[in-house]
Amino acid sequence: MSIDGHMKAIVINGCCKAEDLQVCEIPMPKVREGWVLVKVHAVGLNHSEAILRMYEADNDYISTPIVPGIECVGEIADASDSAFKKGDKVMALMGGMGRSFNGSYAEYAMLPAKNVFKVDAELDWISLAAIPETYFTAYGSLVECLMLTADDTLLVRGATSTVGQAAIQLAKAIGATVIAASRRESSFEKLKRIGADYCIIDDEHISQQHLPIIPNKVLELIGPKTLQDSLRTVSHPGYVCNTGILGNVFTVDHFDPIKYIPNGVFLTGFFSNYPTQTGIDNMMELIIKGAIRPLYNKVFTLEEIAEAHKLLEFGGAGGKIILKMM
């Protein structure tokens, strides 16, 4: 933080290219009732932030200039009227961060107390920053929606994605059998290393393949593009949770649930916008008890934001990208 009450941040004024991103100085946010000031230590990057920069920032529902960033980890700098204490280790995610109000690409973030969660884990800041949105999305999909148990066989579709890899780790910590689906056989070694019991090629027609074991539950991260195939892949009864849209198909045209969803198959979906302290506590307990090492691949400083966003936009990181503030 500067001595004149300013801080370093990334600010976008509208849609722009990755190379247009640069560090600037903006006034420190003023603490107000119902909000807390978080000293940001590290930030996990998300594809939605690239979408904001490339396509969304010019829309009326985005109040520019805006500091992007839908998640972060850090410590409470000012607890305001909340139950937090200064110095508490916290993670924050969703609730409008980086879209409705300034997000986490900054040294400090003023955030609604309801979207900030205390964490008690002996993890370094970079490892902790790999968790919030990625692992919460995977955890919520598996536990809240699929009600995964040790007796289940789970197919993770989109297994090489950050959420897919987290889901494999969490599912194995629960004790389930895991089938990982990927378009490339070259990914199989890594997927097995993080816990997959079986690996298969996703040719968009898995329901027609002779599988080593039939899953009774599917985490669908490709989305509507392969959703019907997933519904035809599970056993009866079977459960499919649609969480991702990696296939870049966002809706199902002419959706007729009676014909689209097979008899005895249950379709659900996970929306990560409403985390709770109980949910975060339960997720962290599973991560700690399962001795899960949070996965990330690239770490950049705030000054390297342009390079980080190019990688975020075009892919190739092979995992979670982290921004470190210190």
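Everything numeric in this text was worked out from a predicted model, so none of it was measured.

As a packed pair, helix α1 (residues 47-56) and helix α9 (residues 305-314) sit with axes 9 Å apart at the nearest point and diverge in direction by 100 degrees. In this view, α1 runs roughly perpendicular relative to α9, as classed from their interaxial angle. Contacts between α1 and α9 involve His47, Glu49, Ala50, Arg53 and Met54 from the former and His309, Leu312 and Glu313 from the latter. Residues of the contact of α1 with α9, tallied by class, amount to 3 nonpolar, 2 polar and 3 charged.

Attention now moves to the sheet that holds strand β13 (residues 265-269). Pairing within the open sheet is parallel, and its 6 strands lie in the order β10-β9-β8-β11-β12-β13. Of all the strands in the sheet, the pair left with one neighbour each is β10 (198-201) and β13. Pairs of neighbouring strands in the sheet enclose a mean axial angle of 20 degrees, with direction left out of account. Note: strand β8 (residues 153-157) against strand β9 (residues 177-182), 5 bridges, orientation parallel. Across the sheet, the residue bridging to Thr153 is Thr177, located in β9. Against the sheet, helix α4 (residues 162-174) contacts β8, β9 and β11 (217-220), and its axis sits at roughly 165 degrees relative to β9.

Okay, the packing of helix α3 (residues 132-145) against helix α8 (residues 277-289) next. Here α3 crosses α8 at 95 degrees, and the two axes come no closer than 10 Å. Judged on the interaxial angle alone, α8 and α3 are roughly perpendicular. In this structure, α3 contributes Tyr135, Phe136 and Tyr139 to the contact, and α8 contributes Gly279, Ile280, Asn282, Met283, Leu286 and Ile287.

Positionally, Asp197 belongs in the loop between α5 (188-193) and β10. Sequence-distant contacts of Asp197, that is, excluding residues within four places in its chain, are made with Lys172, Ala176, Thr177 and Val178. One polar contact links Asp197 to Lys172, side chain to side chain, over a distance of 2.8 Å.

What follows concerns the packing of aromatic side chains. Under the counting rule described, the total for this entry stands at 5 aromatic pairs. The interplanar angle of 65 degrees and the centroid separation of 5.7 Å between the aromatic rings of Phe136 and Phe270 together place this pair among those described as edge-to-face. Of this pair, Phe136 sits in helix α3 while Phe270 sits in the loop between β13 and α8, and the two are 134 residues apart along the sequence. Accessibility expressed as a relative area gives 12% for Phe270, which makes it buried. Residues Phe255 and Tyr260 carry aromatic rings whose centres are separated by 5.2 Å and whose planes lie at 70 degrees to one another, so their mutual orientation is edge-to-face. Positioned above the aromatic ring of Trp125 is the side chain of Lys89, whose terminal nitrogen or guanidinium carbon lies 5.5 Å from the ring centre.

Our focus in this paragraph is the pattern of salt bridges. Using the criterion set out here, one finds 12 salt bridges in the structure. Between Glu303 and Lys8 there is a salt bridge; the shortest N-O distance is 3.5 Å. With Glu303 in the loop between β14 (298-301) and α9 and Lys8 in strand β1 (residues 6-10), this residue pair connects regions lying 295 residues apart in the sequence. Here Glu204 makes a salt bridge to Lys225, at a shortest N to O gap of 3.4 Å. On the criterion of sequence distance, the pair formed by Glu204 in the loop between β10 and β11 and Lys225 in the loop between β11 and α6 (227-233) is long-range, its members being 21 residues apart. When its relative accessible area of 37% is taken as the criterion, Glu204 is described as partly exposed.

We now examine the state of the cysteines. Summed over all chains, the structure comprises 0 disulfides. The cysteine Cys16 is free of any disulfide, with Cys15 supplying the nearest cysteine sulfur at 7.5 Å.

Residues Met91, Met283 and Met284 are the most contacted members of the largest nonpolar core, which totals 51 residues. When contributions to this core are tallied by element, the ones reaching two or more residues are β5 (89-93), α2 (125-129), α3, β8, α4, β9, α5 and α8. The residues contacting Met91, other than those within four sequence positions of it, are Cys72, Val73, Asn115, Val116, Phe117, Val119, Leu128, Ile131, Pro132, Ile280, Met283 and Met284. Of all hydrophobic cores here, the second largest spans 46 residues; its members include Leu52, Ala79, Ala92 and Met325.

Topologically, Ala121 is positioned in the loop between β7 (116-118) and α2. A residue is classified by how much of its surface remains accessible, and Ala121, at 5% relative accessible area, is buried. It is 7.7 Å that separates the C-alpha atoms of Ala121 and Met284, two residues lying 163 residues apart in sequence. Sequence-distant contacts of Ala121, that is, excluding residues within four places in its chain, are made with Lys89, Met284 and Ile288.

Calculation criteria
- Residues numbered from 1 in each chain as written.
- Predicted model: local features only at pLDDT ≥ 70, side-chain atom pairs only at ≥ 80, totals over all residues.
- Heavy atoms only, no water.
- Axes fitted to C-alpha atoms, helices over the stretch in contact; angles between N-to-C directions.
- Helix = DSSP H or I, 4+ residues; strand = E, 2+ residues; numbered from the N terminus.
- Parallel < 35°, antiparallel > 145°, perpendicular 65-115°, else oblique.
- Contact = heavy atoms within 4.5 Å.
- Nonpolar A, V, L, I, M, F, W, Y, C, P; charged D, E, K, R; others polar.
- Pairing = 2+ DSSP bridges.
- Polar contact = N/O pair within 3.5 Å; in protein donor to acceptor, adjacent residues only side chain to side chain.
- Phe/Tyr/Trp six-rings, centres within 6.5 Å; stacked < 30°, edge-to-face > 60°.
- Buried < 20%, exposed > 50% of the residue type's maximum accessible area, 1.4 Å probe, protein only.
- Lys NZ or Arg CZ within 6 Å of the ring centre and 35° of its normal.
- Salt bridge = Lys/Arg side-chain N within 4 Å of Asp/Glu carboxyl O.
- Disulfide = S-S within 2.5 Å.
- Core = buried A, V, L, I, M, F, W, Y, C linked by side-chain atoms within 4.5 Å.

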